[in-house]
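Each chain, letter by letter, is given below.
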Amino acid sequence: MLVEDFVVTPWEVKGDVDYNKLIKQFGTQPLTDELLARVKKHTGELHPYLKRKIFFSHRDLDWILNEYEKGNKFYLYTGRGPSEKVHLGHLTVWMFTKWLQEKFDVELWFQMTDDEKFLFKPDLNVEDTNSMAYENALDIIALGFNPKKTFIFSDIDYAKTMYKEALKVAKKLTFSTVKATFGFKEETNVGQIFFTSMQSVPCFLPSVLKKKNIPCLIPLAIDQDAHFRISRDIMPKLGYYKPAILHQRFLPALTGSGKMSASEGITIYTTDTPEEVKKKINKYAFSGGRDTIEEHRKAGGNPDIDVSYQWLTFFEEDDSRLKRIYEDYKSGKLLTGELKQMLIEKVNAFLKEHQAKREQARKQLDKFILKD
Ligand code: TRP
């Protein structure tokens, strides 16, 4: 077996992720310029995350476009494990999902895996993950999804519908498969062993409910791919299409490398105050700058490893401004402190608006939530 210096699983992301290696390891396809041109034909423009290859890989996107061009519309499916408050890493996937919904005018099925987080996090109780699902839903609604075409559901509260379908998946899924995929052990609790069955359900639930096969496209951060490798094997056995997938790179942790995760260090939450944002970025954002200003001016910084710059590739929409920042940092014209200040302003402007919409979302919850 190859020993890599990074790990990407649904439960753990560690080290400096080499995304080209991941494409090979996972057996996915790179998102080519040719495919992007096909997307652009339908969307008119490309989202910055596509232009910048922040979404960098896929499974069967070409097939989804073939079907779409034949008039066979897809729906979107993505999800959230509500173990804690939402942070900016999660939000970026959903911002892109919102763009897809708008451009293709399609439904979004959004799964809240409160069951999963209860089963996988030793310290969480089931009431807490369940109520966190609704707290997290505010962040999703705040992004402006179409209330007529967006369905958010907690696995626990939508169980009557979900469980019947999960059983069909579970019957086709063996312990040896989940063991090989996730490294489960004899002492792994049986809920965890079952869980991929639940996460597979939204890959075909709309087809069940509408009594016709509908293609499914799943935008996700690439750590979730393992579940859907399993779903893709099983769907045809149940008579449904394999879901197509679009894979996103992680928003890096402020301290550099890996994904931004609360368990591993410093994150920015959607509810952080401007002061907290400023403090975290100034104190923790890993810098590609030189040790002294003189040296920096002379030799220039390294934007490719600088986390503030990496974050701006997620939050600065203006391509020409981003390019200028890259060049100025590399040449030494722009100092680390100034770059951090740009990021702080960008994030705080974004959060100001998001937080206001998040509060308004409390009144809209009913329009989005599915329950049995
Ligand atoms: N398991 C995911 C998490 O822990 C949540 C999830 C459920 C999900 N279904 C999904 C994520 C589909 C992406 C796509 O965050």
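As the structure is a prediction and not an experimental result, all values here were calculated from the model. (Residues numbered from 1 in each chain as written. Predicted model: local features only at pLDDT ≥ 70, side-chain atom pairs only at ≥ 80, totals over all residues. Heavy atoms only, no water.)

## Looking at the overall build of the protein chain
Just so we agree on the cut-off: The way it works is that DSSP assigns letters per residue, a run of H or I at least four long becomes a helix, a run of E at least two long becomes a strand, and they are numbered from the N terminus. When accessible area is computed with a 1.4 Å probe and restricted to protein chains, residues below 20% of their type maximum are described as buried, those above 50% as exposed, and intermediate ones as partly exposed. Contacts are assigned to residue pairs with any non-hydrogen atoms lying within 4.5 Å of each other. The accessible surface values rely on the Shrake-Rupley method and a 1.4 Å probe; as for residues, cover is taken only from the protein chains in view. When charges are counted, Lys and Arg are positive and Asp and Glu negative, with His and the chain ends excluded. Just so you know, the charge point we use is NZ for Lys, CZ for Arg, CG for Asp and CD for Glu.
In terms of regular secondary structure, the protein chain is built from 18 helices and nine strands. A principal-axis box enclosing the C-alpha atoms of the protein chain has dimensions of 65 × 50 × 50 Å. The buried share of the protein chain, reckoned over its 372 residues, is 53%. Across the protein chain, every contact between residues at least 6 apart in sequence was considered, and the portion connecting residues at least 24 apart equals 77%. Carbon and sulfur atoms provide 52% of the accessible area of the protein chain, an area that totals close to 17300 Å². Each charge sign in the protein chain was given a centre, from 57 positive and 53 negative side chains, and these centres are 4 Å apart.

## Let's talk about the packing of aromatic side chains
To be explicit about the condition: Classification of ring pairs uses Phe, Tyr and Trp, with its six-membered ring standing for Trp, and accepts pairs whose centres are within 6.5 Å; under 30 degrees between planes counts as stacked, over 60 as edge-to-face, and the remaining range as tilted. A ring has a charge above it when a Lys NZ or an Arg CZ is no more than 6 Å from the ring centre and no more than 35 degrees off the ring normal.
Applying the stated criterion across every chain yields a total of 25 aromatic pairs. Seen from their ring centres, W11 and F184 are 6.4 Å apart, and the 25 degrees between their planes marks the pair as stacked. Of this pair, W11 sits in the loop between β1 (6–9) and β2 (12–15) while F184 is found in the loop between α9 (175–182) and α10 (190–200), placing the two residues 173 residues apart along the sequence. Ring centres 5.3 Å apart and planes at 65 degrees place the aromatic pair Y309 and Y326 in the edge-to-face group. One end of the pair, Y309, is in helix α15 (residues 307–315); the other, Y326, is in helix α16 (residues 319–331), and 17 residues separate them in sequence. Relative accessible area serves as the criterion here: at 9%, Y309 is assigned to the buried category. Through a chain of ring-to-ring contacts, the aromatic side chains of W11, F120, F182, F184 and F195 assemble into a single cluster. Directly above the ring of Y269 sits K85, whose terminal nitrogen or CZ lies 4.4 Å from the centroid. Sitting above the plane of the F26 ring, R229 keeps its charged end 4.5 Å from the centroid.

## Re the domain arrangement of the protein chain
Applicable threshold: An automatic or database domain assignment provides the domain bounds reported here. Buried area is understood as the total, over both parts, of accessible area removed when two parts are fitted together, assessed with a 1.4 Å probe. Salt-bridge detection follows one rule: a side-chain nitrogen of Lys or Arg within 4 Å of a carboxyl oxygen of Asp or Glu. We call two N or O atoms a polar contact when they sit within 3.5 Å, provided that within protein one can donate a hydrogen and the other can accept it, with sequence-adjacent residues counted only if both atoms are side-chain atoms. Residues are grouped as follows: Ala, Val, Leu, Ile, Met, Phe, Trp, Tyr, Cys and Pro are nonpolar; Asp, Glu, Lys and Arg are charged; every other residue, Gly included, is polar.
Domain assignment breaks the protein chain into domain 1 (2–255) and domain 2 (265–359). Taking only C-alpha atoms into account, the centre of domain 1 sits 29 Å from that of domain 2. Contact residues are listed per partner, giving 26 residues for domain 1 and 29 residues for domain 2. When domain 1 packs against domain 2, the two sides together hide about 2400 Å² of surface, and 65% of this comes from carbon and sulfur. Considering only the surface of domain 1 that becomes buried against domain 2, R52, L88 and L254 emerge as the three largest contributors, covering 34% of it. For the pair domain 1 and domain 2, the number of links is four salt bridges. For D139, the salt bridge identified is with R358, shortest N-O distance 3.1 Å. Summed over the shared surface of domain 1 and domain 2, the number is 15 residue pairs in polar contact (both at pLDDT 80 or more). Elements supplying a minimum of two residues to the side of domain 1 that touches domain 2: α3 (48–51), α5 (88–104) and α7 (126–142). Taken together, the residues of the side of domain 1 that touches domain 2 break down into 15 nonpolar, four polar and seven charged.

## Digging into the environment of A356
Tracing the chain through its elements places A356 in helix α17 (residues 336–361). Expressed as a C-alpha distance, the spacing of A356 and A142, which sit 214 residues apart in the sequence, is 8.3 Å.

## Let's talk about the packing of helix α2 (residues 33–43) against helix α4 (residues 61–69)
The cut-off we apply is this: Convention adopted: a line fitted to C-alpha atoms gives each axis, helices being fitted over their contacting stretch, and angles between N-to-C directions are expressed from 0 to 180 degrees. Roughly parallel refers to an angle under 35 degrees, roughly antiparallel to one over 145, roughly perpendicular to one between 65 and 115, and oblique to any angle outside these ranges. Note: crossing handedness is left-handed where the near helix turns anticlockwise from the far helix by less than a right angle, and right-handed where it turns clockwise.
Here α2 crosses α4 at 30 degrees, and the two axes come no closer than 11 Å. In terms of orientation, α2 and α4 fall into the roughly parallel class. Where α2 crosses over α4, the handedness of that crossing is left-handed. In this structure, α2 contributes L35, R38, V39, K41 and H42 to the contact, and α4 contributes L61, D62, L65, N66, Y68 and E69.

## Concerning empty space enclosed by the protein
How we decide: Cavity: a set of points on a 1 Å grid over the protein atoms alone where a 1.4 Å probe fits but cannot get out. Pocket: an open set with protein on both sides within 12 Å along at least five of seven lines, its lining residues, like those of a cavity, having an atom within 4 Å of a point. Grid points are joined across faces, edges and corners, and a volume is the space filled by probe spheres set on the points.
Scanning all chains against the criterion turns up one cavity of 30 Å³ or more. Put simply, the largest cavity is a space of about 80 Å³. Along the walls of the largest cavity sit V39, L50, L61, I64, L65, F74, F96, L100, F104, L217 and L246, which together make up its complete lining. Sorting the residues of the lining of the largest cavity by element identifies α4 and α5 as the ones contributing at least two each.

## Some details on α7
Convention followed: Expected span, for any helix, means 1.5 Å times one less than how many residues it has.
With 17 residues, α7 extends 25 Å between its outermost C-alpha atoms, agreeing within 8% with the 24 Å of an ideal straight helix rising 1.5 Å per residue. Burial in α7 covers these residues: T129, N130, A133, Y134, N136, A137, L138, D139, I140, I141 and A142.

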